[in-house]
Amino acid sequence: YADKTRRVAALAETIAVQIGLDAVEARRAAELGKADLQSRLVGEFPELQGIAGRYYAKAAGESDAVADAIDEAYQPRFAGDIIAIPKLGQVLAIAERLDTLAGGFAAGLKPTGNKDPFALRRNALGLARTLLEGGIELDLPTLIGMACDLVGPVGAGKEASFADRNELHAFVFDRLRGYFADKGFNEQQFDAVNAVPHESLPDFGRRLKAIAEFAKLPQSEALASANKRIGNILKKSGSEAMASVDPLLFQETAERGLWAALTQTETAVAPKLAA
């Protein structure tokens, strides 16, 4: 637990700086986050972990923000529970779950079938929900990389692997697939957004909502079909598409008209694509 506390404190401090919070407060909350586990109270009543820590911290003179974050780090505690509301609590919740997941995967404890003795699935969903619902604009692969670096290799001769990081990232997104399905988004919409780069989980959520709104438009099916057909034509052409066009080579009036229409449309669409 001393090792875990040091890792979580380092993560919390880094995350706090990146989102504009007090790094000293974040580190302090993380350093005290597991202290209540040594008490007889939590030993007798494990469900009071975090709750007891909040009371102990306040009694010891810690700030309300630090004391509350010790408790909020456990949110969401169960399916349907809300995430931590204050940002400091969210930072600690993210740091805790990142470390648990990185350590679990490094030790080869990835869940199999219905068995998940270390609740890694619940931790993954809690991590994703806190980033998403908390509107925290951080890159998930970068966060996972930080956590894996802090855990380091586990076991004799085992080397930290980028494949493990990719596997952990995919594991978190598998939990998100079910989360968004419960909110009415289908697999095709999820896969469409997952196929292109995104900046953060809130960004992913915004793109998914945009895709769902697009799908409601009467033109959406025709546009999707046209896009698919263009892709198939290019694929079957047997050669790379030209990177540029030389209008001086046009011979037909229709070619010139098509090029003018395309150029005009591209000018109008470019700022919308950028946005």
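Our structure's up above, just so we're on the same page.
Now for a description of the structure that goes with this document. The residue count restarts for each chain, going from 1 along the sequence in the order it is written. Given that this is a predicted model, residues contribute local features only at a pLDDT of at least 70 and side-chain atom pairs are listed and counted only at 80 or more, while totals for whole chains, interfaces and linings are drawn from all residues. By convention in this description, side-chain values take in all heavy atoms of the structure and omit both hydrogens and water.

Note on terminology: a nonpolar core comprises buried Ala, Val, Leu, Ile, Met, Phe, Trp, Tyr and Cys residues joined through side-chain atoms within 4.5 Å. When accessible area is computed with a 1.4 Å probe and restricted to protein chains, residues below 20% of their type maximum are described as buried, those above 50% as exposed, and intermediate ones as partly exposed. In this structure, Leu-98, Leu-176 and Phe-180 are the most contacted members of the largest nonpolar core, which totals 51 residues. Strands here mean DSSP runs of E at least two residues long; helices mean DSSP runs of H or I at least four residues long; both are numbered from the N terminus. Broken down by element, this core gets its largest block of residues, 10 residues, from helix α6 (residues 87–106). Contact between two residues is taken to exist if any of their heavy atoms lie within 4.5 Å; hydrogens are not considered. Other than its neighbours up to four places away in sequence, Leu-98 contacts Leu-11, Ile-15, Leu-127, Leu-143, Ile-144 and Ala-147.

Moving on to the pattern of salt bridges. Here, a salt bridge means any Lys or Arg side-chain nitrogen found within 4 Å of an Asp or Glu carboxyl oxygen. Going through the model one piece at a time under the given rule, you end up with 21 salt bridges. The partner of Glu-31 in a salt bridge is Arg-27, and the shortest N-O contact between them spans 3.6 Å. Taken as a pair, Glu-31 and Arg-27 lie in helix α2 (residues 23–32) at a separation of 4 residues, close to a single helical turn. For Glu-31, a relative accessible area of 36% gives the class partly exposed. In this structure Arg-27 comes out as partly exposed when scored by relative accessible area, which is 27%. Glu-167 is paired through a salt bridge with Lys-110; the nearest N and O atoms lie 3.0 Å apart. With Glu-167 in helix α9 (residues 162–182) and Lys-110 in the loop between α6 and α7 (120–133), this residue pair connects regions lying 57 residues apart in the sequence. Each of Lys-4, Arg-7, Lys-34, Glu-96 and Asp-99 takes part in salt bridges that share partners, so that together they form one network.

This brings us to α2. One full turn of an α-helix is made of 3.6 residues, so residues set three or four places apart face in the same direction. The set of residues buried in α2 consists of Ala-23, Ala-26, Ala-29 and Ala-30. Burial along α2 is one-sided: seen end-on, the buried residues are contained in an arc of 130°. Buried-residue contacts for α2 involve α1 (2–18), α5 (64–72) and α6. What the arc measures is the spread of directions leading from the helix axis to the C-beta atoms.

This next bit is on a nonpolar patch on the surface. The grouping of Val-245, Leu-258, Trp-259 and Leu-262 at the surface amounts to a nonpolar patch, some 360 Å² of accessible area in total. Turning to its location among the elements, Leu-262 is positioned in helix α13 (residues 253–274). Residue classification places Leu-262 among the partly exposed positions, given a relative accessible area of 46%. Residues with no salt bridge and a relative accessible area higher than 30% make up the patches, which join like charges within 9 Å and nonpolar side chains (Val, Leu, Ile, Met, Phe, Trp, Tyr) within 5 Å. Computed by Shrake-Rupley with a 1.4 Å probe, the accessible areas treat only the displayed protein chains as cover when residues are assessed.

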